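# Breakdown of the fold
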Amino acid sequence: MTSNYLPEQVVVEILLRLPVKSLIRFRCVSKRWRSLISDPGFTKSQFRLASEHPERFLISSSSGIRSLGCDLPFGDSSALKELVVPFQRNCLRVRIIGSCNGLVFVALHPHKGFYIWNPSTGDHRKLPDPGAPLRGFIYWHGFGYDSSTDDYKLIVASYRLVKNDSGRSSEGEVFSLNKNSWKGILHDLDYSDGAKEPAGILCNGSLHWHLKVSEPARDEIYAFDLAEEKFHEIPMPIQEDEHPRRAPFSSLRNLGGCLCLVGYTRTHIDLWRMMEYGIGESWAPMFRVAYSHVKVYRYHLNPLWLSRGGQLVLIYAGKELMISTPEGEIEHVVAFSDSLTCEAAVFVESLISPNHYGGDERQRLLCDEDR
Amino acid sequence: MADDGVNTKVEAVSKATTETIELRTEDGGVFDVDKPVAMEFLILKSFYEDEGRVFDKTSIRLPNVKQLELSKVIEYCTRALEFGAKSAAAAGDKDAERMVRQEREGFEAEFVDELSNEMLKELILAVNFLDIKEMLDFLIRSVANRIRNRSVAYVRQFFDIENDFTPQEEDQIHQENAWAFEGVDAD
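Everything numeric in this text was worked out from a predicted model, so none of it was measured.

Attention shifts here to the overall build of chain A. Looking only at helices and strands, chain A has 4 helices and 24 strands in total. Within chain A, the proportion of its 371 residues that are buried is 51%.

Laid out in C-alpha cells, this is it:
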C-alpha cells in the first residue's frame, strides 16, 4: 500500500486557510514548508483570503496595546488580548498612527521613533529618522499602500512656530518602504489650522483630510494620492438649500470601504457615504444612530468600523467600545481603559512583513537597531 | 432469450425515471449513480459533454478510486445537490435560508467527524482525481480545521513529512516565535 502523499497544490490550499499563528508554527515542519510559507506569493494569497474574514481591532491606551476580534458579538473585556510590542521600551507609549493590510504604523511617544509593525507576527522595522527634523507639532499623518509600485508609504507633516511674521513653518515628508527613505513634498498651502483630525483616512489609494477653510468659509476634503504623491480635492456633498438642515460634518472615515462623513445632532450621529469615489453627486445619507438615550458626550464618540451586517462600532471617550444595534440605537459593549487618550485601528491578520520591502539587506533581524 | 427481454424492459423503465451511470471502482465495486450527481464529477462531465458522447455505454471504470471513497463521495454530492435545491427554494426568506444553512452545517460536521485522518486524505485524492470543486474545497477546509491547533509533530505525521531540520535549527525557530507554540493541543 503506497503512502498517500497529498499533491503540493492541495497542501498549499490547506495552508492558505490556516490562521497566522499556525502558519508561523508550521514553518518548523520541514524546510519545504518553511519555504512555502515564507514565499511572497503565498503571503499575498493568504492576505487576500484573510481579508474576506473578520479583522481585528487594535487598541492602544495607557494600559497597553490590546486586540479584539471584529466578529460580533464581542463578549466582554476578557476577550481583549494583550499584545507584546517587541520594540517597546519602558514608559514609552505606543501611539497607533495608521493601519493598512495587516501592517500598523506606530510611534513611540514621545518622539522616540517610527515603526512599521505586523501585530500578528511581531515582524517590525524601525524607520530612519526623517531628514528634516519633524520635531514640531505633527498635524497630519497617514499610512497606506501604493498598488502601482507594491510599496507602503507614510506621510507626516508638522509645523513649528517661527519668530517672524509668517508665524509657522511647515514641512511635509513622504516615506517609501521600498526606497527606505524620506522625501520632502511641497505644500503650497499651509493646512495646519484647517484640518479637523490629523489622521489621514485611507480610501481608494489616497489619504484624506477634512478641512475647514476660512476664506470663503467652507469645508473641503483634501486627498493625497499615494501613487502620484500629489494632493487633489474631493468634492463635499452638494449644499442644497431646500433640504432640511443636516448636522455639520465633523469627521471623515472609511466605513465599509467607502469614504464617509460623520455629523452629530443633539440626538443622532449622521453618516453620509460617497457611493462612487470622486463623484460629488454620489454622496448620500447612509443611516443615523440614536445616542441620546445613553449618557454620552457626542464629541467623544469616534466611529471606527462598520460590520458586514451594517452595525457601527465606535470608541467612546477612549475608554470603551460601543455599537449600534440593528434598530439604530447605540449601546455599551466592552470597556477597556480608564484614560481619555487612546487610538484604535482595524487590521487583518496576515504574514505581510515590512522587512520584505526594500531589498535583501532588510532580511536580517532588526533587534540591534532598537538598542 | 427470455433474459434479454427482461433486461431491455429494466433499461426502458430506468430511462423513463432518472438516467444513471454505472461506475466501477478499482477494487470491484459497482455503483449506479444518478446522472445529476455524476455530472458533478468534472472528469465525467467533460468525458460526456465536451466529447459529445451519448449515454449508450453507461459503465465507466474509475482506476484511481476505491469503493469506500466513492460511496462517501456519492453521499456528499447527493446531499450537496439537495441543499442547493433547498437553498434556491428558500431564496428571499431569511429564516428559511438560515435553516437550510444550519442543516447543511450539521450534515457537514457529522460527515467529517466520522472520517479518520487516513480516510480524509484518501477522499481528497479521490475527489481531486474526479475533479469535484465544491467537495474538494470542503475537504480542504476540514483538514485546515483539524490541524490548525495541533503540534508540529502531529502535522508531520498527518502529511507523512520527514523533519529535515537539525535539532539546532528547530530550536532556533522555536525561540524566535515561542508564542506560536503556546496553547497547542496535546498530541
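A word on the packing of helix H4 (residues 67-90) of chain B against helix H7 (residues 133-147) of chain B. All names here are of chain B. Direction vectors running N to C along H4 and H7 enclose 105 degrees, while the axes themselves pass 10 Å from each other. Between H4 and H7, the angle falls in the class roughly perpendicular. Along the contact surface, H4 presents Lys-72, Val-73, Tyr-76, Cys-77 and Ala-80, while H7 presents Glu-134, Met-135 and Phe-138. Of the residues in the contact of H4 with H7, the class split is 6 nonpolar, no polar and 2 charged.

A few words on helix H5 (residues 94-113) of chain B. Residues and elements named next belong to chain B. Here H5 contains 20 residues, and its C-alpha end-to-end distance of 28 Å stays within 8% of the 28 Å for a straight helix at 1.5 Å per residue. By the burial criterion, the buried members of H5 are Val-100, Arg-104, Phe-107, Glu-108, Phe-111 and Val-112. Summarising the axial view, the buried residues of H5 lie within an arc of 125 degrees, below the 170-degree limit, and thus occupy one face. More than 90 degrees from the buried face of H5, the exposed residues found are Lys-94, Met-99, Glu-110 and Asp-113. As for H5, its buried residues are in contact with H4, helix H6 (117-130) and H7. In this structure Asp-93 caps H5, since a side-chain oxygen of it lies 3.2 Å from the backbone nitrogen of Asp-95.

This paragraph deals with the side chain of B:Lys72. Residues and elements named next belong to chain B. Examined against the element boundaries, Lys-72 turns out to sit in helix H4. Of the residues examined, Lys-72 reaches a relative accessible area of 15% and is grouped as buried. If sequence neighbours within four positions are ignored, Lys-72 has contacts with Phe-111, Glu-114, Leu-115, Met-119, Leu-123 and Met-135.

All names here are of chain A. Chain-level pLDDT for chain A is 83 on average; 84% of the residues reach the 70-or-more range. Ranking the elements of chain A by mean pLDDT puts strand S10 (residues 168-176) last, at 78, and helix H1 (residues 8-16) first, at 96. Counted against residues more than four places away or in other chains, residues 361-371, with its pLDDT under 50, gives 17 contacts.

If you look at the interface, chain B gives 36 residues, while chain A gives 27 residues. The interface formed by chain B and chain A contains 2 salt bridges. Put simply, A:Arg17 and B:Asp137 hold a salt bridge, and the shortest N to O gap is 3.1 Å. Where chain B touches chain A, the interface holds 9 residue pairs in polar contact (both at pLDDT 80 or more). Of all the elements in the fold, those that place two or more residues in the side of chain B that touches chain A are H6, H7, helix H8 (152-159) and helix H9 (167-176) of chain B. Looking at the side of chain B that touches chain A residue by residue, the classes come out as 16 nonpolar, 6 polar and 14 charged.

What follows deals with unusual backbone geometry. The phi dihedral of A:Glu229 is positive, around 55 degrees, even though this residue is not glycine. One non-glycine residue, B:Asp131, lies in the positive phi region at around 60 degrees. Relative to the helices and strands, B:Asp131 is located in the loop between H6 and H7.

A word on the pattern of salt bridges. Tallied over the full model, the rule gives 26 salt bridges over all chains. Across the pair A:Asp146 and A:Lys153 runs a salt bridge whose closest N-O atoms are separated by 3.2 Å. By relative accessible area, A:Asp146 is classed as buried at 2%. A:Lys153 gets classed as buried once you look at its relative accessible area, which sits at 5%. Where B:Glu108 meets B:Arg104, a salt bridge forms, and the shortest distance between an N and an O atom there is 3.1 Å. Separated by 4 residues within a single helix, B:Glu108 and B:Arg104 lie in helix H5, roughly one turn from each other. One salt-bridge network, in which partners are shared between bridges, spans A:Glu13, A:Arg17, B:Asp137 and B:Arg141.

Residues and elements named next belong to chain A. Considering the arrangement of structural elements, one finds Leu-207 in strand S13 (residues 206-213). Assessed through its relative accessible area of 0%, Leu-207 is described here as buried. Each C-alpha atom, one on Leu-207 and one on Leu-154, is 9.7 Å from the other, the two residues being 53 residues apart in sequence.

Reading guide: rules and limits
Each chain carries its own residue numbering, running from 1 in the written order of its sequence. As they are written, the chains are lettered A onward and the ligands numbered 1 onward, keeping that order. Residue-level local features of this predicted model are given only where pLDDT is at least 70; pairs of side-chain atoms are given and counted only at 80 or more, and the full residue set underlies all totals for whole chains, interfaces and linings. As a rule here, side-chain values come from all non-hydrogen atoms in the structure, and water together with hydrogens is ignored. For the purposes of this entry, the term helix denotes a DSSP run of H or I that reaches at least four residues, the term strand denotes a run of E that reaches at least two, and both are numbered from the N terminus. Working definition: with a 1.4 Å probe on protein chains only, accessible area under 20% of the residue-type maximum means buried, over 50% means exposed, and in between means partly exposed. Orientation is described by lines fitted to C-alpha atoms, with helices fitted over the stretch in contact, and by angles between N-to-C directions that extend from 0 to 180 degrees. Any angle that is under 35 degrees is reported as roughly parallel, and any over 145 degrees as roughly antiparallel; angles of 65 to 115 degrees are reported as roughly perpendicular and all others as oblique. The criterion used for residue contact is that any of the two residues' heavy atoms lie within 4.5 Å. All amino acids are sorted into three groups, where Ala, Val, Leu, Ile, Met, Phe, Trp, Tyr, Cys and Pro are nonpolar, Asp, Glu, Lys and Arg are charged, and the leftover types, Gly among them, are polar. What a helix should span is 1.5 Å times the count of its residues minus one. Note that the arc is computed from the directions linking the helix axis to the C-beta atoms. By the criterion applied in these results, polar contacts are pairs of N or O atoms within 3.5 Å in which, for protein atoms, one can donate a hydrogen and the other can accept it, and in which residues neighboring in sequence qualify only through two side-chain atoms. Each residue gets a pLDDT score, which is the predictor's confidence in that residue and runs from 0 to 100. Every case where a carboxyl oxygen of Asp or Glu lies within 4 Å of a side-chain nitrogen of Lys or Arg is listed as a salt bridge.

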